[in-house]
Amino acid sequence: MMTGIEYRGGILAVDGVPLPRIADAFGTPTYVYSTEAMVSAYRGFASAFADRDNLICYALKANSNLAVISTLAAEGAGADAVSIGEIRRALAAGVEPKKIVFAGVGKTAEEMAAALEIGILQFNVESLSELKMLSEVATALGHTAEIAVRVNPDVDAKTHAKITTGKKGNKFGIDLDQAASVYALAKSLPGIKATAIGMHIGSQILDPTPFEEALRRLVTLTRELRDAGHDIQRLDCGGGLGIPYKGETPVSVESYAQLVKRATDGSGCKLIFEPGRYFVGNAGVLITKVVHVKDGSAHRFIILDSAMNDLVRPAMYDAWHTIVPVKEPAADAPIEPVEIVGPICESSDQFAKGRPMPPLQAGDLVAILSAGAYSRVMSSNYNTRPEPPEVLVKEGVFAMIKPRPAVTDLFANETLPEWLVDTGASPRPRVYGTR
Ligand SMILES: *Cc1c(COP(=O)(O)O)cnc(C)c1O
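Residues numbered from 1 in each chain as written. Predicted model: local features only at pLDDT ≥ 70, side-chain atom pairs only at ≥ 80, totals over all residues. Heavy atoms only, no water.

Quick note on the threshold: UniProt positions are given in the numbering used here, feature names are shortened, and annotations may be inferred rather than shown by experiment.
The name that an unreviewed UniProt entry assigns to the protein chain is Diaminopimelate decarboxylase, with the source organism given as Lacibacterium aquatile. Under the UniProt heading Subunit (unreviewed entry), the note attached to the protein chain is "Homodimer." In its Sequence similarities (unreviewed entry) section, the UniProt record describing the protein chain reads: "Belongs to the Orn/Lys/Arg decarboxylase class-II family. LysA subfamily."

**Here we look at the domain arrangement of the protein chain**
Which entries qualify depends on this criterion: By convention here, the domain bounds are inherited from an automatic or database domain assignment. In what follows, a contact means two residues having at least one pair of non-hydrogen atoms within 4.5 Å. Two parts placed together each lose some accessible area; with a 1.4 Å probe, that loss summed over both constitutes the buried area. Salt bridge, as applied in this entry: a Lys or Arg side-chain nitrogen positioned within 4 Å of an Asp or Glu carboxyl oxygen. Here a polar contact is recorded for every N or O atom pair within 3.5 Å, except that within protein the pair must consist of a potential hydrogen donor and a potential acceptor, and residues adjacent in sequence are included only if both atoms are side-chain atoms. Secondary structure counts use DSSP, requiring at least four H or I residues in a row for a helix and at least two E residues in a row for a strand, with both numbered from the N terminus.
Looking at the assigned domains, one finds that the protein chain contains domain 1 (5–31 + 281–410) and domain 2 (35–279). One C-alpha centre belongs to domain 1, the other to domain 2, and the line joining them spans 32 Å. The partner domain 2 presents 22 residues to the 23 residues of domain 1 that form the contact. The contact between domain 1 and domain 2 buries some 1,900 Å² in all, and 53% of this surface belongs to carbon and sulfur atoms. When the buried surface of domain 1 facing domain 2 is broken down by residue, Tyr317, Trp320 and Tyr374 rank first, second and third, together holding 28% of it. Viewed at the interface, domain 2 and domain 1 are joined by zero salt bridges. Inspection of the region where domain 1 meets domain 2 yields nine residue pairs in polar contact (both at pLDDT 80 or more). Elements that contribute at least two residues to the side of domain 1 that touches domain 2 include exactly α11 (313–317), β20 (390–394) and β21 (397–402). For the side of domain 1 that touches domain 2, the leading source of residues is β20, giving four residues.

**Digging into the sheet that holds strand β3 (residues 17–18)**
What counts is decided by this rule: When DSSP finds at least two bridges between two strands, those strands are taken to pair.
The strand order across the open sheet built from three strands is β1-β2-β3, with neighbouring strands paired in antiparallel fashion. Of all the strands in the sheet, just β1 (5–8) and β3 have a single pairing partner and so form its edges. Of the strand pairs in this sheet, strand β2 (residues 11–14) and β3 are connected by two bridges, and their pairing is antiparallel. Of the residues in β3, the one forming a bridge with valine 14 is valine 17.

**Quick look at the site of the ligand**
Rules: For this description, a residue counts as near a given molecule or strand if any of its non-hydrogen atoms is within 4 Å of it. Calculation of accessible area relied on Shrake-Rupley with a 1.4 Å probe; when residues are assessed, cover is drawn exclusively from the protein chains displayed.
Taken together, 14 residues lie near the ligand, and Lys61, Ser203, Glu274, Arg277 and Tyr374 sit nearest. For the ligand, an oxygen atom lies 2.9 Å from a polar atom in the backbone of glycine 276. When the ligand is considered free in solution it has 390 Å² of accessible area, and contact with the protein chains removes 93% of it.

**Section: the UniProt feature "binding site: pyridoxal 5'-phosphate" (unreviewed entry) in the protein chain**
According to UniProt, the positions carrying the feature "binding site: pyridoxal 5'-phosphate" (unreviewed entry) are Gly240, Glu274, Pro275, Gly276, Arg277 and Tyr374. With respect to the helices, strands and loops of the structure, glycine 276 is situated in the loop between β13 (270–273) and α10 (277–280). With sequence-adjacent residues up to four places away left out, glycine 276 is seen in contact with Tyr58, Ala59 and Ala62. With respect to the helices and strands, the residue tyrosine 374 is situated in the loop between β19 (365–368) and β20. Here tyrosine 374 is in contact with Lys61, Ala62, Ser203, Arg277 and Arg313, once residues within four sequence places are set aside.

**Description of the environment of alanine 13**
With respect to the helices and strands, the residue alanine 13 is situated in strand β2. Note: C-alpha distance between alanine 13 and valine 326 (313 residues apart in sequence) is 8.2 Å. Once residues lying within four places of it in the same chain are set aside, the contact partners of alanine 13 are Gly4, Ile5, Glu6, Arg8, Pro18 and Leu19.

**Here we look at unusual backbone geometry**
Across the junction of threonine 28 and proline 29, the peptide omega takes the value -5°, indicating a cis bond. Structurally, proline 29 can be placed in the loop between α1 (19–26) and β4 (30–34). One non-glycine residue, aspartate 154, adopts positive backbone phi at about 55°. Structurally, the position occupied by aspartate 154 is in the loop between β9 (145–152) and β10 (174–175). Located in the positive-phi region is tyrosine 374, a residue other than glycine, with phi close to 55°.

Okay, here's the thing in structure tokens:
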């Protein structure tokens, strides 16, 4: 099925552990990650670039659990962080500061100061305003910030509108035709050293050709900048490599590497990469249980114990996730279209529409696949539903890496203002409920 995730003796298993064992131990819904899948994706990528000077900065926002970061850091990965919170996670997971790049359009002065004190590798700057603020913060602290200007190469990554980022007119990066003047300003500002150039053109990219055109534009700019006296040493190629969700043909990392090398060889730059989804997306599954089967007049609804608060991608991006019964269906099982939904009172709380599925009954376990990236990290406790726990599996052994909060934890830090507390003999409790 996918690396690390397969039926064994008719039961879906992750790295050799049958999922019912994990469901018995920790309940449902629960996220389960395959170490084998993450490590093999990482090693495939790393070996494709082993013959070039490079640094792979895993984009933490895809899945920032410390055990996940730590698994990749042990393979040599650095981190691409988009907040000071993610930088702190990277450090806690053992990533060296000089392997951290800091991206994002809205870095605050406080975040900049903290990142400078930590001594990260580079800031990927996205606006003039940010550049000036960074110069002021760095100067005040007596530090020098190494930067890449994130350039918007104006290519169409041909992906979902909500995750395309490299076209003119979106909020990311600095337009190519303004880049030279931004570097000129960077050179004149104290506390700033522009040593790199960067891009990130979008996510879930399945046709790699836009990468090549975008990189060629960056390499041309690199030459112009060097001619103008800038010491450009690194080319940050961003992330965005797509994965199969529905049996799509994945981009082969070898062909991606070939086109990157074609476009950048001769630039004299060290290459930085920021893949997120590619390393973890297909390493995760969400185990969930069928709570009810409801036959409406038009549709059969399979109502799960997981919902859009646990996994929001279908509701937010119309994303497709393959959903399979944990118990392998018979080869001749009848297949019927069903609506697969969660219990939340929103019509968008739906995982699949008209999805052909084998028969399912209340109590059956199903697995939502490709749930390793942009899944648990985006979950919330909407409807006062605890976020699902996370479990990591390696070679037949599994470990809880983030437990499910107790329901009472979800409101334990909520307090009543004075005017809602009785002043009489028996004040109302500040926190309701007990475990
Ligand atoms: C989100 C993001 C990434 C990672 O994207 P993937 O599609 O998960 O590879 C890399 N770099 C930047 C700047 C990002 O915002």
